[in-house]
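Results of the structural survey
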Amino acid sequence: MENTTAFVQSLQQLVDPSSHLALAPPLARWDVRVDGREHRVELTTGYPLAAGTVAALREQVEGLAQVAGGVLAGFEARHRVAAHAVQPGLSPVPRVRNVIAVGSGKGGVGKSTTAVNLALALQRLGAKVGVLDADVYGPSVPAMLGLSGRPESPDNKSIEPLRAFGVEAMSIGLLVDTDTPMIWRGPMATSALTQLFTDTRWDDLDYLIVDLPPGTGDIQLTLAQKIPVAGAVIVTTPQEIATLDARKALKMFEKVNVPVLGIVENMAVHVCSNCGHAEHLFGQGGGQAMAAQYGVPLLGSLPLDLRIREQGDAGTPVVAAAPDSAPAQAYLAAAQAMAAQLAARPRASIAIVSTLA
Ligand SMILES: Nc1ncnc2c1ncn2[C@@H]1O[C@H](COP(=O)(O)OP(=O)(O)OP(=O)(O)O)[C@@H](O)[C@H]1O
Ligand SMILES: [Mg+2]
C-alpha cells in the first residue's frame, strides 16, 4: 500500500510536454493496481492528449514501475472533458461544455487561421469540437473550412450546424449572401451573434471555438455579457506586441472575468519554402516576454508559412491538409497546451445534463 502511494506520487510528477503542467489533480488522475510485481496504470485526463504524448508517457511510466521494483503490465490513457467555470452570473449551456474565444487587439494577425486550426487540432486529439464565427461583419470561417450551402432548420427555430473535417461550424456567412455587405448596426450584429450561439443545434461539444472580430468592441462585449465563456486565447504577431494592441485585448478579457488561457504568437518566424532557413523577421521572443509580463502561458509560436496561408485560404487548413507538417504539429501542441490550461481551471458549479432533443 505504501509502495503504491509512492508509485502514484512519482506518476504525479510526470508533465504534459505541451503545457509543462504536472499530470496531477485537477488536471489528471492516476489509478493504479499492483499485483505482486505487476503494475497496471490508468491515466484519466480532463483534456485530450496526442498519441505521441501518450506513447512517451507510457515509456516514462514503464521506467517508474521498474524503479518501484515492478513491471508495467497494463497502461491505458483516456480523457473526459468537464464543463469549466464561466463568468459570474452565467452558466454553461447543455450542448456546449466549454466556449473558448480567440481574440486579438488588431485585425489581420491570424485569429481566424488560428481559431480554425486549433479547432481541427482539438478534433484530431479526440475531442468533439465546433467553431462559431463571431465576426458577423466579415465572416471568414466558411471560406477557411471550405463550407458552402445553407444550414437546415427542420423546426424553423433552431439551425443545424454544417460539418467540415469532423468539426461543426456556424457562421452568419452561411445564412446571408456573401456579397451582401454587412450594414447592420451594433444591436443587430450582437443579437445575430447570440442567436448563432443559442439557436445552433450543437451536438454535445467538448469545445466551441469562437473566432472573434478584431478589437474590443460591441461583439466582444456581447460575448462577455451573454455567452458563457470558459477561457480566451490571444493571438498576436511580433509587431502587434510592439504596439500594445494585444495587451488591450488581454486586459479586456480580464476585466470581464474571462480567464486568458494563453497567447499564441503568429507569424513569428519566416521559414523559407526553398531552403528551410528560419528567419525572425520581427525579432525574437516577443510573445514569450508578453506572456511572462502578464503571467499567462505562451501556448505556441506559429511560423509565417506559405502552407498556412495557401491551404487556409483554399478551404483546407494546414492541420487537415498536412497533419504531419511542422506547422500542423505546432497547432496540435498549442491546442493540447490550451486544453490543459482549461482543464486546470475550476469546474462549472452546476451539473450539466446532456439533453437529447
Ligand atoms: N502563420 C501564418 N503564415 C502565413 N500566412 C498566415 C499565417 N496566419 C495567417 N495567415 C494569413 O494571413 C491572412 C490573415 O489571416 P486571418 O484571416 O486568419 O487573420 P484575422 O486576424 O482573422 O483577420 P481579421 O482581423 O480580418 O479577422 C490570411 O490570408 C491568412 O491565410
Ligand atoms: Mg478573422
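Residues numbered from 1 in each chain as written. Chains lettered and ligands numbered in written order. Predicted model: local features only at pLDDT ≥ 70, side-chain atom pairs only at ≥ 80, totals over all residues.

It is worth spelling out the domain arrangement of the chain at this point. Annotation of the chain at the domain level lists domain 1 (2-79) and domain 2 (96-343). The centre of domain 1, based on its C-alpha atoms, is set 32 Å off from the matching centre of domain 2. (Domains from an automatic or database assignment.)

The subject of this paragraph is the environment of R347. For R347, the position within the fold is in the segment after α12 (326-343). Residue classification places R347 among the partly exposed positions, given that 17 C-beta atoms sit within 10 Å. For the pair formed by R347 and A330, sequence separation is 17 residues and the distance between their alpha carbons is 27 Å. Excluding its chain neighbours within four sequence positions, the residues that come into contact with R347 are A82, A83, H84 and A85. (Helix = DSSP H or I, 4+ residues; strand = E, 2+ residues; numbered from the N terminus. Buried ≥ 20, exposed ≤ 12 C-beta atoms within 10 Å, placed from the backbone. Contact = placed C-beta atoms within 7 Å.)

Okay, the sheet that holds strand β3 (residues 71-79) next. Read from one edge of the open sheet, three strands run β1-β2-β3, paired in mixed fashion. The open sheet has two edge strands with one neighbour each: β1 (28-35) and β3. If you compare each strand with its neighbour and ignore which way they point, the axes differ by 15 degrees on average. Bridge count between β1 and strand β2 (residues 38-45): eight bridges; the pairing is antiparallel. Pairing of A28 across the sheet is with T45, part of β2. (Pairing = 2+ DSSP bridges. Axes fitted to C-alpha atoms, helices over the stretch in contact; angles between N-to-C directions.)

Neighbouring ligand 1 are 22 residues; G107, G110, S112, T113 and R309 lie closest to it. Those elements that provide at least two residues to the shell around ligand 1 are α3 (111-125) and α10 (306-313). When residues of the shell around ligand 1 are assigned to their parent elements, the largest contribution, four residues, is made by α10. Classifying every residue of the shell around ligand 1 gives seven nonpolar, 10 polar and five charged. (Near = placed C-beta within 6 Å. Nonpolar A, V, L, I, M, F, W, Y, C, P; charged D, E, K, R; others polar.)

So, about the nonpolar core. The biggest cluster of nonpolar side chains holds 105 residues, and the ones touching the most others in it are I209 and V210. The element contributing the most residues to this core is α12, with 13 residues. Taken together, domain 1 (2-79) and domain 2 (96-343) each give at least three residues to this core, which thus spans both. Those residues in contact with I209 that lie beyond four places of it in its chain are I100, V102, A115, L118, A119, V129 and V131. (Core = buried A, V, L, I, M, F, W, Y, C linked by C-beta atoms within 7 Å.)

In this model, α3 (15 residues) spans 21 Å end to end at C-alpha, consistent with the 21 Å of a helix rising 1.5 Å per residue. Extensive coverage of α3 is indicated by the burial of 15 of its 15 residues. Looking one or two residues beyond α3, the residue adopting positive phi is G126, at roughly 115 degrees. (Expected span 1.5 Å × (residues − 1).)

Now for the pairing of strand β10 (residues 260-265). The buried fraction of β10 is high, at six of six residues. Where strand β9 (residues 231-236) and β10 come together, five bridges link them in parallel fashion. Bridged to V233 within β10 is G262. Sheet analysis places β10 next to strand β13 (residues 298-301), joined by three bridges and oriented parallel. The partner of I263 across the bridge, within β13, is L298.

With that settled, the discussion passes to the sheet that holds strand β7 (residues 167-170). Read across the open sheet, the eight strands follow the order β6-β7-β5-β8-β4-β9-β10-β13; overall the sheet is mixed. On the outer flanks of this sheet lie β6 (162-164) and β13, each paired with one strand and no other. Pairwise comparison of adjacent strand axes, ignoring direction, gives a mean angle of 25 degrees for this sheet. Inspection of the sheet shows strand β4 (residues 96-103) paired to strand β8 (residues 205-211) by six bridges, in the parallel sense. Bridge pairing links V99 to L208 in β8. Strand contacts of helix α8 (residues 245-255): β4, β9 and β10, with the helix running at about 175 degrees to β9, the strand carrying the most contacts.

Turning our attention to unusual backbone geometry. Trans peptide bonds make up the majority, and among non-glycine residues the majority have a negative phi. Looking along the chain, the bond that leaves P25 and enters P26 is cis, with omega of 5 degrees. The backbone of N257 shows a phi angle near 65 degrees, a positive value even though the residue is not glycine. Position of N257 relative to the elements: it lies in the loop between α8 and β10. For N257, a count of 14 C-beta atoms within 10 Å gives the class partly exposed. Within the chain, M267 stands out as a residue other than glycine whose phi angle is a positive 55 degrees. Locating M267 in the fold gives a position in the loop between β10 and β11 (270-271).

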